[in-house]
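# Structural overview for review
Here is how the chains run, residue by residue.
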Amino acid sequence: MISRIIHTITLLLTSGVLFHHCTLIGIFCGCWAFFGAAEEAEQFSRLADSRPYMLIALFVFMYRFIFKKTLRDDGELDLKLMFFYLIGDFIWAVIAMFCTDFFFISWSTSSNSISKGKAQ
């Protein structure tokens, strides 16, 4: 039983599901949106900003063209297939960014809002 649990954890860590490159850049951008906001109301406006999306697009583009090239049978780049992979990686990272931000929002407690509620 314990060996089965350890084997499952090992598979998760080594498969790339938890430490996927798109997931990591999405988590980074989600943390930027949450912790970079001065007020709670600014968190959603930071998700609407174009900078995290440009960072995600640049990162995914560079990663795909440097490390994960897709080649045809003749050894040339398959640009059509790489474009579809780029779109999928971008969508994956954006979903990870939103999930990270909403995770932090749902678990955060604001001492300012609690103290303002008691003062009124």
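This write-up is about the structure you can find in this document. (Residues numbered from 1 in each chain as written. Predicted model: local features only at pLDDT ≥ 70, side-chain atom pairs only at ≥ 80, totals over all residues. Heavy atoms only, no water.)

## Overview of the overall build of the chain
- A count of helices and strands for the chain gives 6 helices and 0 strands.
- Ordered by position in the sequence, the α and β elements of the chain form the string α-α-α-α-α-α.
- Within the span of the chain, comprising 120 residues, buried residues form 23% of the whole.
- A separation of at least 24 residues holds for 61% of the contacts in the chain among residues at least 6 apart in sequence.
- Total accessible area on the chain stands at roughly 8,800 Å², and carbon and sulfur atoms take up 69% of it. (Helix = DSSP H or I, 4+ residues; strand = E, 2+ residues; numbered from the N terminus. Buried < 20%, exposed > 50% of the residue type's maximum accessible area, 1.4 Å probe, protein only. Contact = heavy atoms within 4.5 Å. Areas by Shrake-Rupley, 256 points an atom, 1.4 Å probe, with all protein chains shown as cover.)

## With respect to the nonpolar core
- One finds C22, I25, C29, A33, L47, I56, V60, L86, A93, V94 and M97 forming the largest nonpolar core, which totals 11 residues.
- Contributions of two or more residues to this core are made by helix 2 (21-35), helix 4 (51-66) and helix 5 (79-107). (Core = buried A, V, L, I, M, F, W, Y, C linked by side-chain atoms within 4.5 Å.)

## Structural notes on the packing of aromatic side chains
- Tallied over the entire structure, the rule returns 9 aromatic pairs.
- Ring centres of F34 and F35 lie 4.8 Å apart, and the angle between their planes is 85 degrees; this geometry places the pair in the edge-to-face category.
- We classify F34 as buried; its relative accessible area is 11%.
- With centroids separated by 6.1 Å and ring planes inclined at 20 degrees, the aromatic side chains of F59 and Y63 adopt a geometry described as stacked. Linking F59 with Y63, this pair stays in helix 4, spanning 4 residues, or about one helical turn.
- These aromatic residues form a ring-pair network of at least three members: F34, F35, F103 and F104. (Phe/Tyr/Trp six-rings, centres within 6.5 Å; stacked < 30°, edge-to-face > 60°.)

## Looking at the packing of helix 4 against helix 5
- In contact at an axis separation of 9 Å, helix 4 and helix 5 are set at 140 degrees when each is read in the N-to-C sense. The angle between helix 4 and helix 5 falls in the class oblique. When the axes of helix 4 and helix 5 are compared, the crossing they make is right-handed. Between helix 4 and helix 5, the residues in contact are P52, Y53, I56, A57, V60, F61, R64 and F65 and L79, M82, Y85, L86, D89, F90, A93, V94, M97 and F98, respectively.
- Taken together, the residues of the contact of helix 4 with helix 5 sort by class into 16 nonpolar, no polar and 2 charged. (Axes fitted to C-alpha atoms, helices over the stretch in contact; angles between N-to-C directions. Parallel < 35°, antiparallel > 145°, perpendicular 65-115°, else oblique. Left-handed = near helix turned anticlockwise from the far one by under 90°. Nonpolar A, V, L, I, M, F, W, Y, C, P; charged D, E, K, R; others polar.)

## Considerations on the pattern of salt bridges
- Inspection of the entire model under this criterion finds 2 salt bridges.
- In this structure, R51 engages D49 in a salt bridge whose closest nitrogen and oxygen atoms are separated by 2.7 Å.
- The salt bridge partner of R64 is D89, with a shortest N-O separation of 2.7 Å. Of this pair, R64 sits in helix 4 while D89 sits in helix 5, and the two are 25 residues apart along the sequence. (Salt bridge = Lys/Arg side-chain N within 4 Å of Asp/Glu carboxyl O.)

## Quick notes on a nonpolar patch on the surface
- A contiguous nonpolar surface patch, about 570 Å² in accessible area, is contributed by M1, I2, I5, I6 and I9.
- Position of I9 among the secondary structure elements: in helix 1 (residues 2-15). (Patch = residues over 30% accessible without salt bridge, like charges linked within 9 Å, V, L, I, M, F, W, Y side chains within 5 Å.)

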